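So the chains spell out like this:
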Amino acid sequence: MRHGNAADNFRALVVTTTESGPGLEVRQLDRDFLMEGDVTIAVDHSTLNYKDGLALTGRAPILRVSPMIPGVDLAGTVESSQHPDYAPGDKVVLNGWGVGERHHGGYAQLARVRGEWLIPLPDRLSTRQAMAIGTAGYTAMLCVTALERDGLQPESGPVLVTGAAGGVGSLAVALLAGRGYTVTASTGRMEESPYLQALGASAVIGREELQTPVKPLAKERWAGAVDCVGGTTLANVLSQTRYGGSVTACGLAGGMDLPATVAPFILRGVHLLGVDSVMAPRQARLRAWRSLAAEIDLGKLESMTRTIAIDELPAAAADMLAGKVRGRIVVDVNA
Ligand code: NDP
């Protein structure tokens, strides 16, 4: 194990992109391999998000550099810094900003990044808990915030979460339930109903209910929704959303298309709110992480989290894209 010392070599997962697909290898690297940045971090934990799954399996062209260290999230301790806001020993978190896409990411014992991409690790959280939350949880909080900014309140009525047993979905269910909402979880894995109920869902429905042919308007069911799935699912959610209700679109686990009509917008005043975590401004991130640290039920967080080592990432990424991962996967980069 190596925490914060100034060793010359470090371990990382490296992806080399070739015409026949990505080649994955755990390598011992020299620190010269790292890219430009004013803060060097001894990484404790990273995590596996859907986008990382796409990158590691080569299912989408996420990685813009080859060879590349993937991992869009990381948490660890500042080893050295030329940035005025950070000093050695500070605990920090990073989500997105193109890290793990264009800039070497979190699947490594060492990272060199720009200080402006970092936020301080919230006091109540360990680096492992911060990565259990990760981009998934931070995005779930951006969705909850977007819905509330648009007027949603617990009294408004039931809120739907699609792709509920996944990372964003599990966190969204827990956060909404924690704020007093009546949450319906939609899942393709009905066997996960007890898990979703333990996170706070009052009802669980099968994902096939939202994959039927889309009507312009269907029976009004939801005051709001967090959609992780896209495609026909999102189109059905929109057509089932109550008059004046709001839906956040943050994911595409079921498809990139949106086979909807304008009927929900022009006849029911439904609002479709887009949510992006990668380039979200710093103030929005700080607000989201403050809320996450204050609200997250650490017992529920633990119940949705599994920890793996770097070597286990390729198999975990394949499982994720096959829809087999429940909740969140933390990566202990020193294991
Ligand atoms: P996960 O793989 O953890 O969760 C996705 C869930 O979607 C699965 O667990 C499954 O839930 C459901 N699902 C998978 N395949 C299908 C399918 N074919 N049809 C319907 N449902 C399906 O991923 P994350 O939670 O990390 O991410 C969810 C989505 O959000 C991804 O598309 C990701 O790219 C996106 N995302 C976007 C962000 C942004 O900034 N906008 C940030 C983070 C994530 P179940 O088994 O319960 O049905």
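Higher on the page you've got the structure.
What counts, and at which threshold
Residues numbered from 1 in each chain as written. Predicted model: local features only at pLDDT ≥ 70, side-chain atom pairs only at ≥ 80, totals over all residues. Heavy atoms only, no water. Helix = DSSP H or I, 4+ residues; strand = E, 2+ residues; numbered from the N terminus. Contact = heavy atoms within 4.5 Å. Near = heavy atom within 4 Å. Polar contact = N/O pair within 3.5 Å; in protein donor to acceptor, adjacent residues only side chain to side chain. Areas by Shrake-Rupley, 256 points an atom, 1.4 Å probe, with all protein chains shown as cover. Buried < 20%, exposed > 50% of the residue type's maximum accessible area, 1.4 Å probe, protein only. Patch = residues over 30% accessible without salt bridge, like charges linked within 9 Å, V, L, I, M, F, W, Y side chains within 5 Å. Salt bridge = Lys/Arg side-chain N within 4 Å of Asp/Glu carboxyl O.

Engineer: Describe in detail the environment of Arg 282, supporting the description with residues and values.
Structural biologist: Counting through the fold element by element, Arg 282 comes out in helix 7 (residues 282-295). Between the C-alpha atom of Arg 282 and that of Val 15, which follows or precedes it by 267 residues, the distance is 29 Å. With residues near it in sequence (within four places) discarded, Arg 282 still touches Tyr 86, Trp 97, Glu 116, Leu 118, Ile 119 and Pro 120.

Engineer: So what's going on with the site of the ligand? Which residues, and what values?
Structural biologist: The environment of the ligand is made up of 25 residues, and the closest members are Val 168, Thr 187, Gly 188, Arg 189 and Ser 277. At a separation of 3.4 Å, an oxygen atom of the ligand approaches a polar backbone atom of Tyr 50. Interatomic distance of 2.9 Å between a side-chain N/O atom of Arg 207 and an oxygen atom of the ligand. Protein contact buries 88% of the 920 Å² of open area that the ligand shows by itself.

Engineer: I'd like a rundown of the environment of Ile 308, residues and numbers included.
Structural biologist: Tracing the sequence through the fold places Ile 308 in strand 14 (residues 305-309). Its relative accessible area of 3% is what places Ile 308 among the buried residues. Excluding its chain neighbours within four sequence positions, the residues that come into contact with Ile 308 are Leu 313, Ala 316, Ile 329, Val 330, Val 331 and Asp 332.

Engineer: Pulling in residues and values, what's your account of a nonpolar patch on the surface?
Structural biologist: Judged by side-chain polarity, Leu 258, Val 262, Phe 265, Ile 266, Leu 267 and Leu 272 come together as a nonpolar surface patch covering roughly 540 Å² of accessible area. Sorting elements by how many residues they give to the nonpolar patch places helix 6 (residues 263-268) first, with three residues. Relative to the helices and strands, Val 262 resides in the loop between strand 12 (241-249) and helix 6. Judged by relative accessible area, Val 262 falls into the exposed class, the value being 51%.

Keep in mind that these numbers describe shape and distance, not what the molecule does.
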